[in-house]
Structure formats: C-alpha cells, structure tokens
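So the chains spell out like this:
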Amino acid sequence: MRTQVAIVGAGPAGLMLAQLLHGYGLESIIIERHDRAYIERRLRAGVLEQGTVDLLHAVGVGERLAREGLVHHGIYLQFEGRRHRIAISELTGGRAITVYGQQEVVKDLIAARLVAGGQICFEAGDVSVHNIDTAQPRVRVRWQGAEHEIECDVIAGCDGFHGVCRPSIPTAALRVYQKVYPFAWLGILAAAPPATHELIYAYHERGFALQSMRSPELSRLYVQCAPDDQIDQWPDERIWRELRDRLALDDGWAPAEGPILEKSITTMRSFVVDPMRYGRLFLAGDAAHVVPPTGAKGMNLAIADVRVLAEALADWYRSGQTGLLDAYSATCLRRVWRIQHFSWWMTAMLHRFDDDPDGFQHQLQLSQLRYVCGSQAAATTLAENYVGIEQV
Ligand SMILES: Cc1cc2nc3c(=O)[nH]c(=O)nc-3n(C[C@H](O)[C@H](O)[C@H](O)COP(=O)(O)OP(=O)(O)OC[C@H]3O[C@@H](n4cnc5c(N)ncnc54)[C@H](O)[C@@H]3O)c2cc1C
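Keep in mind it's a predicted model, so treat the numbers as computed, not measured. (Residues numbered from 1 in each chain as written. Predicted model: local features only at pLDDT ≥ 70, side-chain atom pairs only at ≥ 80, totals over all residues. Heavy atoms only, no water.)

Here we look at the packing of helix H1 (residues 12–23) against helix H6 (residues 102–115)
A pair of packed helices is captured by two measures, namely the crossing angle of their axes and the spacing between those axes. Counted only if it meets this: To obtain each axis, a line is fitted to C-alpha atoms, and for helices this fit is confined to the stretch in contact; angles are then taken between N-to-C directions over 0 to 180 degrees. Put simply, DSSP marks the helices as runs of H or I at least four residues long and the strands as runs of E at least two long, and each gets a number from the N terminus on. For any pair of crossing helices, the crossing counts as left-handed if the nearer helix is rotated counterclockwise from the farther one by less than a right angle, and right-handed if it is rotated clockwise. Here, two residues are considered to be in contact whenever any of their heavy atoms come within 4.5 Å of each other. Classes in brief: Ala, Val, Leu, Ile, Met, Phe, Trp, Tyr, Cys and Pro nonpolar; Asp, Glu, Lys and Arg charged; the others, Gly included, polar.
At a minimum axis distance of 10 Å, the contact between H1 and H6 shows a crossing angle of 35°. Crossing hand, H1 versus H6: left-handed. Note on element contacts: H6 touches H1 through Gln102, Val106, Leu109, Ile110, Ala112 and Arg113, opposite Pro12, Leu15, Met16, Ala18, Gln19 and His22. Along the lines of polarity and charge, the residues of the contact of H1 with H6 split into 8 nonpolar, 3 polar and 1 charged.

Encoded structure:
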C-alpha cells in the first residue's frame, strides 16, 4: 500500500486529520486497532468549543451537529449549597459551547470519510512504525488476514495515550512533563432528563460532582472517587446517594434519576511531550498530551492539533517549504500549555484533596470560587478559556 499520510488511530484527531487532508486534495489511510462499532460506541468527552464546532461545519460534517447538538451559553459553579451562573456567552462576545458526544463526532467523521472513498483499516493488528527518521517512513500492520507495509511520506501518530507511535520515538528525543492526580472520576450515563439545561460543576466536602448531559433524555454525571476504586465498589444506589449529596442545594433541588446505562472510572493526569514530532512522525491529540477532563478540553485540543498539522502538510506539498511543518510542535504546544494550565486550574479549584490536614487547601478553593463568581474579570478568565481561546 502507498499513501501520502499514514494516520495511526481513528479517534477525533485521526479522523479529522483525514477529512482536512481530503479537503486539501491529499491522500491518507487510517489504521485503527478496533472495529467500527466499538469506536462509534465509546463514551468519552462531550463538550465542543466554538472553534471545534466551526471546524466541523467547515469540513462538511456539521449537519447532524446543528440538529442535535445542545448549544449552551453558560455553566454553573456550585459550592456552599449555592449555585452561581457563569454567563459564558455574555462574557466572550457571544461565543458558546455545544454539547455533542465524542462518539457522535466520530460517527459523523467516519461516515464522511467512507462516502468520500477514504480508506480506514479497522481491526488492524500488530501496528508498528518504521524508518521514522528517514524520508521513507513505513507502517506495518496485519489487516484482513495479511501482513501489509504502508509506504508514505509522513506518519501521523493519532493513536491516543496508550498507542504505539509515541513509544517508537527514542526516549532521549522527548521531554516528558507529567502530573498524576490523587483522584479519579466515576462517570455514568443515565436514562434521565438532565435536571438543568446547563452543566453544573459542584465543589463539595465529599468531593467534586458534575452534572452534564448528552441529549434531552440522557444525563451524563460524574463523581470524584479514589484513583484505585473498582467499579464494583460503586453500586448504583451509592452513586445516586453521592450525586444527591454533592449536587444538593439548600432549597432542596436534586438531580433527576433514572436507570444507569453505563458506568466507568477514568483516572486523571496532565501529560505533555515536547517536541510533538520526531523526523517524519508527527504526534497529535492524546498521543502527545493528556489533560484532566475538568476543563472539557481533550477532544478540542486533539482537533486543534490536526488543524495545524493539515495546514502545514498542505503547505509543504504545495510549496516544498518545511517552515510550517518545522513549526508544528511549537505552534501546538503554545495552545497545549494554555489548556494544560486551565485544566489543572479547574481541577485544583473543584476537587477535594484528602491531603489537607488543617483545611488550608479547602479555604483557598472556597476563596477562588467566591472570586470567580463575584468578579467579572475572574469570571471572564474562566469563560474565555472554557469556550476556547482563538489566539494563544
Ligand atoms: C476513557 C476516557 C474517558 C474520557 N472522558 C472524557 C470526558 O468525560 N470529558 C472530556 O472532556 N474528555 C474525556 N476524555 C478525553 C478525550 O476523550 C480525549 O482527549 C480524546 O479522545 C482525544 O482524541 P484522540 O483522537 O487524540 O485520541 P483517542 O480518542 O484516544 O483515539 C485514538 C485512537 O487510536 C486507536 N489506537 C490506539 N492504539 C492503536 C494502535 N496501536 N494501532 C492502531 N490504532 C490504535 C484507538 O483505538 C483510538 O481509536 C476521555 C478519554 C478517555 C481515554
């Protein structure tokens, strides 16, 4: 097999990259470890920044998003039994976020790729990348019962945090920055209409809780748990009890309950590698960086990376100049670090820290929350980061 860009991974980064390259008249092949049904069902992020929504429209996959996406103009912060609204759109000149599940974005991008005749090798086994420091990189893969070698000009490593691309780079060539948090999120999808129109981020002495949604009939809710908790330690009744306690208001408000359709625990880390490139291998999305989900940024950041990468590749093929490709890593890392800071800041403000013997951390968090909710300047800082900063 031969293509211009071999893309490892059919998550938001890989699929969007293929769609953007197609728009520039460039060929790609996507190599994905799982089958189509699995990746179209995988429940993950669900908050799209304005820039992500605009890009999905620009590449021709915005039709269902426009129909089914839930546009939000604010979020709630809740602490000390009271709820405060951050008016995101008012504070950012009318920008908004859209709630639309990551698996829906993935479905739309896969459908568009296949309609356009693009190739996605699902259920690819033993994927490995070779000659990445030469001008003839290769991807080897077992697919449909045969071994294949894909010749290409460039490899895009869009294979997530646990993929094969980043570990193929010599360790000495990468600087790794990492922070692992002493808590995790237990997330559920429940057949219950969300009890508020907008997301609620709650800071509570029992731990963080978040009420989100996927549709007018489906709620997505999270509670902070211990990083080593197992899912069987969390029977449904315990989850609802914690959600009721942590999301309760002094006036008796409580979240709507319903059958739990899915539940899982996600550990939380901040992670960055620098540079996001080695020779002809370019890393994008979770393969290069991970953020804790509190800022709702992982998928948005993955899509922002491949936008830069697609423009740089298009310029290289068109002009033969390597300037934009050479700047790829530094350009992306400016945004990555802004979002790393925002995600860490939201996480530090909203979670319970067990290692806080005299309550010092707790008092700082309360003070920060009161400031964000009481000062227009502080609320604007949150709002413009949450909705997505265009120029970082
Ligand atoms: C379990 C989980 C839950 C999350 N929940 C939230 C959330 O609630 N809110 C939020 O804002 N963000 C969440 N995120 C973050 C967000 O979903 C990610 O940032 C986003 O998926 C990044 O997109 P990506 O395309 O870079 O990587 P991914 O979506 O991880 O896609 C990588 C793709 O590569 C494939 N792959 C991996 N290895 C190989 C290989 N060797 N060969 C071929 N293919 C391979 C994978 O199957 C996958 O399809 C979550 C992430 C995870 C992992």
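Things to note about the site of the ligand
What counts is decided by this rule: For this description, a residue counts as near a given molecule or strand if any of its non-hydrogen atoms is within 4 Å of it. By the criterion applied in these results, polar contacts are pairs of N or O atoms within 3.5 Å in which, for protein atoms, one can donate a hydrogen and the other can accept it, and in which residues neighboring in sequence qualify only through two side-chain atoms.
Contacts to the ligand come from 31 residues, most closely from Glu32, Arg42, Gln102, Tyr222 and Asp286. The separation between an oxygen atom of the ligand and a polar side-chain atom of Glu32 is 2.6 Å. The set of elements that each furnish at least two residues to the shell around the ligand consists of H1 and helix H8 (298–319). Its residues assigned to classes, the shell around the ligand comprises 15 nonpolar, 9 polar and 7 charged.

Notes on the sheet that holds strand E5 (residues 75–79)
Defined as follows: For two strands to be treated as a pair, DSSP must find at least two bridges joining them.
Read across the sheet, 8 strands follow the order E6-E5-E14-E15-E16-E13-E17-E20 without closing on themselves; strand pairing throughout is mixed. Looking at the sheet topology across the chains shown, the edges are occupied by strand E6 (82–86) and strand E20 (289–290). The sheet contact formed by strand E14 (residues 200–202) and strand E15 (residues 209–215) spans 3 bridges and is antiparallel. Counterpart to Tyr201 in the pairing with E15 is Leu210. Together, E5, E6, strand E13 (175–190), E14, E15, strand E16 (218–225) and strand E17 (260–274) form the strand contacts of helix H7 (residues 236–247), whose direction differs from that of E16 by roughly 85°.

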